[in-house]
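Residue strings, one per chain:
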Amino acid sequence: MSRPRKLPTRDELRTWRNFLETTEKLRTLVTSRLQHDTGLSPGDYAVLLALSEAEDNRLRSSELAAVVGWERSRLSHHLGRMERRGLIRREECATDSRGAHIVMAPDGSKAFHSATVPHLRTIRELFVDALTPDQLAAVDDITAALRRHLDLPEPSTPAPRRSSNSRTSKAE
């Protein structure tokens, strides 16, 4: 017979709640600024970012769903709204009649490029500037540990190499 797992302590629960409440507030503020400053939703930005990083600014819808981490039905509905706004277009896939390529439209490219600097300024102001370089490195280590524990894939953008005077990871 296996023993039941130990429940979190009061301090562990406090840390958990602080983490949840803080990340939710941060997400809310970043989302609000993105929408206000650019007219793009976080979903729009995620789709446009994925397309901007893809060869020829195009991905099959199944690939796009995997990149943004959405169910295909959610993606399909969102893409319909983006297509009506002229941000993306769908093109038939020459190799699979059931599939479609999602392509960034010129208006989507313009919206994405116009949104990037204000969005990155918001990230700097609300997240990066609030932490020291050592704290940022710790956040990176913590998120890497959580990703491994949850069997999540590696992030799409590799972590920058730390300078020799920065704290090194256990693997180094």
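The paragraphs below set out a description of the structure included in this document. (Residues numbered from 1 in each chain as written. Predicted model: local features only at pLDDT ≥ 70, side-chain atom pairs only at ≥ 80, totals over all residues. Heavy atoms only, no water.)

### Topic: the pairing of strand S2 (residues 88-93)
One ladder, built from six bridges, connects S2 with strand S3 (residues 96-104); its direction is antiparallel. Its bridge partner being in S3, Arg90 is matched across the sheet by Ile102. Where S2 hands over to S3, the hairpin turn is made up of two residues, counted between the paired strands. (Pairing = 2+ DSSP bridges. Helix = DSSP H or I, 4+ residues; strand = E, 2+ residues; numbered from the N terminus.)

### Focus: the pairing of S3
Sheet faces and side chains relate simply in a regular strand, where the side chains alternate between the two faces. Note that strand S1 (residues 58-60) and S3 share three bridges and pair antiparallel. Of the residues in S3, the one forming a bridge with Arg58 is Val103.

### Observations regarding the side chain of Thr116
Among the structural elements, Thr116 can be located in helix H5 (residues 106-126). Engagement of the side chain of Thr116 in a polar contact is seen with the side chain of Tyr45, the distance being 3.5 Å. (Polar contact = N/O pair within 3.5 Å; in protein donor to acceptor, adjacent residues only side chain to side chain.)

### Details of the environment of Ala111
As for its placement among the helices and strands, Ala111 is situated in helix H5. Spatially, the C-alpha atoms of Ala111 and Tyr45 are 9.0 Å apart, while their sequence positions differ by 66 residues.

### Regarding the packing of aromatic side chains
Within the structure shown, the criterion is met by two aromatic pairs. Looking at Arg74, its charged tip hangs above the ring of Trp70, at a distance of 4.1 Å from the centre. (Phe/Tyr/Trp six-rings, centres within 6.5 Å; stacked < 30°, edge-to-face > 60°. Lys NZ or Arg CZ within 6 Å of the ring centre and 35° of its normal.)

### So, the pattern of salt bridges
Taken as a whole and assessed by the stated rule, the structure comprises eight salt bridges. Note that Arg17 and Glu21 form a salt bridge whose closest N and O atoms lie 3.1 Å from each other. Separated by four residues within a single helix, Arg17 and Glu21 lie in helix H1 (residues 10-38), roughly one turn from each other. The exposure class assigned to Arg17 is exposed, which follows from its relative accessible area of 51%. Among the salt bridges present, the one from Arg33 reaches Glu125, with a minimum N-O distance of 2.9 Å. Of this pair, Arg33 sits in helix H1 while Glu125 sits in helix H5, and the two are 92 residues apart along the sequence. A relative accessible area of 27% places Arg33 in the partly exposed class. A relative accessible area of 45% places Glu125 in the partly exposed class. (Salt bridge = Lys/Arg side-chain N within 4 Å of Asp/Glu carboxyl O. Buried < 20%, exposed > 50% of the residue type's maximum accessible area, 1.4 Å probe, protein only.)

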